[in-house]
Amino acid sequence: MTTEAAERQRRETYEVAEAIAPTWEGRRADVEEVSTPVREWMLRELSPQGGDTVLELAAGVGDTGFDAAAIVGERGRLITTDFSPAMLAAARRRGAERRLANVEYRLMDAERVELEADSVDGVLCRFGYMLMADPAKALEETRRVLRPGGRVTLAVWGTMEQNPFFTIVAISLTQRGHLPPPEPPGPPVFTMASPERTTALLEGAGFSNVRTEDVSVRFESPNVDEYLSLVSDTSGPLGLALRGLPGTDRAAVKADVEDALAPFAAERGYKLPGVALCAVAN
C-alpha cells in the first residue's frame, strides 16, 4: 500500500468510527451478545492475573477490556484506547456504568502506541487490526509494549463466505452502484481473514507461539427491517451507505436482501452464521 493510500484509509476509518459511534453505543448490547464467544475466547487465552496491566487497542465501547479490568482487580489496571474521540467517550460512559475504578482512558492510535516498552502484561484487540492501514506496524508496537512473556489476543472476521451478515448487504450495495467494488485483496473487514496472513503478521512483528482458531458466532434478527437497521447502526461503511440511500434505492436493496436471507430463515426471523478468526501469541 502506498503512503497516500494508507493515509486515505486512516482518514476514512477515522471518519467512519466517528460517524458510527453513537449508533454503535446504542447497539452495544446487541453487539456484545453476538460477540460473546469471541470475548470469552480472548479473555481465556489472555489469562490476565490479579495486578496485571492490560491494554485494549481499538476498544470501541470497551466491554472486552472491561471484563479484563474486573479480573485484574484493584491492584491491576486497564488502559482503554481508541483513536476515535467519539468511541472513547462512549467507552468512558460504559466504564462509569460498570463502576470500574481501575481504568485509564487514552486517545491513541494503535500504529503509534504512546507507552513505554515492556510496560503491559497483556494486549486485547477485538476487530481492530484488520481495519488498520498498517497492521504490521500496529503489531510491532504491540510487541514493543508487552513485557517478556506477555500475550496478545486478537479477533478479526473470517472469510466473506463465512460471514453472510456482511456480504449479503455488501453485494447488493456494490451491484447497485452505492459502494465502489473493493480493491484487492478485498474489503478491509476481511483483510486478515486468512490464518496464514494473520500468523505471518504476528511472526513478522516478533511474536512466537502463534495459535489461531475459528470461533463461531450467530446473528439473529426477527425481520429484514431489523437486520438492515442493525447493519446501518454497526457496520461501518456498509451502515453509512445504507443510511444515505433515498427511499426507492433502499427499497431495492431491501428486496435484494430479503431474497438473499431466505436460506437463513428460522422459526422467528433469521439466523445467520458467522466466524471470527481469533489468535493468541507471545
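Further up the page is the structure itself.
Here the structure is a predicted model, which means the values were calculated and not measured.

## Here's the deal with the packing of aromatic side chains
In step 1: Within this structure, the stated rule accounts for 10 aromatic pairs.
In step 2: Between W157 and F219 the ring centres are 6.0 Å apart and the planes differ by 40°, which places this aromatic pair in the tilted class. In this pair, W157 is assigned in strand β5 (residues 146–157) and F219 in strand β6 (residues 211–221), connecting sequence segments 62 residues apart.
In step 3: Pairing F165 with F166 gives two aromatic rings, centres 5.2 Å apart and planes at 90°, and the pair type is edge-to-face.
In step 4: These aromatic residues form a ring-pair network of at least three members: F127, W157, F165, F166, F190, F219 and Y227.

## Considering the pattern of salt bridges
Once their charged atoms are close, side chains differing in charge can pair, the charge on each being opposite to the other.
In step 1: This model, assessed by the stated rule, comprises 24 salt bridges.
In step 2: As a salt-bridge pair, D233 and R27 come within 2.9 Å of each other at their nearest N and O atoms. Taken together, the residues span a long stretch of sequence, with D233 in helix α8 (residues 224–234) and R27 in the loop between α1 (3–26) and α2 (28–46) at a distance of 206 residues. Each member of the pair D233 and R27 is classed as buried.
In step 3: The residue D63 makes a salt bridge to R94 at a minimum N-O spacing of 2.9 Å. Pair noted here: D63 is in helix α3 (residues 63–72) and R94 is in helix α4 (residues 85–97), with a separation of 31 residues, a long-range link. In terms of burial, D63 and R94 fall into one category: buried.
In step 4: Residues joined in a network through salt bridges with shared partners are R28, E32, R39, D63, D67, R94, E97, R98 and R126.

What counts as what
Residues numbered from 1 in each chain as written. Predicted model: local features only at pLDDT ≥ 70, side-chain atom pairs only at ≥ 80, totals over all residues. Heavy atoms only, no water. Phe/Tyr/Trp six-rings, centres within 6.5 Å; stacked < 30°, edge-to-face > 60°. Helix = DSSP H or I, 4+ residues; strand = E, 2+ residues; numbered from the N terminus. Salt bridge = Lys/Arg side-chain N within 4 Å of Asp/Glu carboxyl O. Buried < 20%, exposed > 50% of the residue type's maximum accessible area, 1.4 Å probe, protein only.

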